[in-house]
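If you want the building blocks of each chain, they are given just below.
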Amino acid sequence: MPIDDRTDHTTRARQFQALADPTRLEILEHLQAGEHCVCELMGHLDAQQSRLSFHLKTLRAAGLVQDRREGRWVYYRLAPRALAELAAFTATAATARTDRFCCT
């Protein structure tokens, strides 16, 4: 397996791990409406700042969200390219041929 494939698989695994949490899915859902700071997400999700920061850090490490600092505030938004690549990967997996059999 070429190194690029291994890196891609590691990236995909990190993304799926990040998506495997209900709170992180809720965060992504709220970010679909646009950029939000943690204080806004706290109100939407009824969660403490430290808990949301942990989840946002995980999403950012997976490349699914981006952030920008404005003064003392940090604003988060979806990372469209990473999400599009993940969607394309899952779409390809969903339409993969299943008529091939091993060891026939």
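### What about the packing of aromatic side chains?
Throughout the structure, instances matching the rule amount to one aromatic pair. On the basis of an interplanar angle of 55° and a centroid distance of 6.3 Å, the ring pair of Phe16 and Phe89 is categorised as tilted. Here Phe16, found in helix H1 (residues 3-19), pairs with Phe89, found in helix H5 (residues 80-94); they are 73 residues apart in sequence, far enough to count as distant. Classification of Phe16 as partly exposed rests on a relative accessible area of 36%. One residue, Arg72, lies across the ring of Trp73, its end atom 4.9 Å from the ring centre.

### Here's the deal with helix H2 (residues 22-31)
Restricting attention to buried positions, one finds in H2 the residues Thr23, Arg24, Ile27, Leu28 and Leu31. The arc that holds the buried residues of H2, viewed along the axis, is 140°, so those residues lie on one side. Residues Pro22 and Glu29 are exposed on H2 and point more than 90 degrees away from its buried face. A distance of 2.9 Å separates the backbone nitrogen of Thr23 from a side-chain oxygen at the start of H2, and that oxygen is part of Asp21.

### Comments concerning the pattern of salt bridges
Note that side chains of opposite charge can pair when their charged atoms are close. For the structure on display, the rule yields six salt bridges. Residue Asp67 is joined to Arg60 by a salt bridge in which the shortest nitrogen-to-oxygen separation is 3.8 Å. Salt bridges sharing common partners tie together Glu35, Arg68, Glu70 and Arg77.

### Quick word on unusual backbone geometry
The phi dihedral of Asp46 is positive, around 50°, even though this residue is not glycine. With respect to the secondary-structure elements, Asp46 resides in the loop between helix H3 (38-45) and helix H4 (49-61). Given the relative accessible area of 73%, Asp46 is considered exposed.

### Quick word on H3
Taken together, the buried positions of H3 are Val38, Leu41 and Leu45. Within H3, the buried residues cover an arc of 55° as seen down the axis, which keeps them to one side. Positive phi appears at Asp46, one or two residues downstream of H3, with a value of about 50°.

### Digging into the packing of H2 against H4
It is the contact of H2 with H4, at a shortest axis distance of 10 Å, that shows an interaxial angle of 80°. When the interaxial angle is binned, H2 and H4 end up roughly perpendicular. In contact with Thr23, Arg24, Ile27 and Leu28 of H2, H4 contributes Arg51, Leu52, Phe54, His55, Leu56, Thr58 and Leu59. For the contact of H2 with H4, the per-class residue count stands at six nonpolar, three polar and two charged.

The rules behind each value
Residues numbered from 1 in each chain as written. Predicted model: local features only at pLDDT ≥ 70, side-chain atom pairs only at ≥ 80, totals over all residues. Heavy atoms only, no water. Phe/Tyr/Trp six-rings, centres within 6.5 Å; stacked < 30°, edge-to-face > 60°. Helix = DSSP H or I, 4+ residues; strand = E, 2+ residues; numbered from the N terminus. Buried < 20%, exposed > 50% of the residue type's maximum accessible area, 1.4 Å probe, protein only. Lys NZ or Arg CZ within 6 Å of the ring centre and 35° of its normal. Arc of directions from axis to C-beta. Polar contact = N/O pair within 3.5 Å; in protein donor to acceptor, adjacent residues only side chain to side chain. Salt bridge = Lys/Arg side-chain N within 4 Å of Asp/Glu carboxyl O. Axes fitted to C-alpha atoms, helices over the stretch in contact; angles between N-to-C directions. Parallel < 35°, antiparallel > 145°, perpendicular 65-115°, else oblique. Contact = heavy atoms within 4.5 Å. Nonpolar A, V, L, I, M, F, W, Y, C, P; charged D, E, K, R; others polar.

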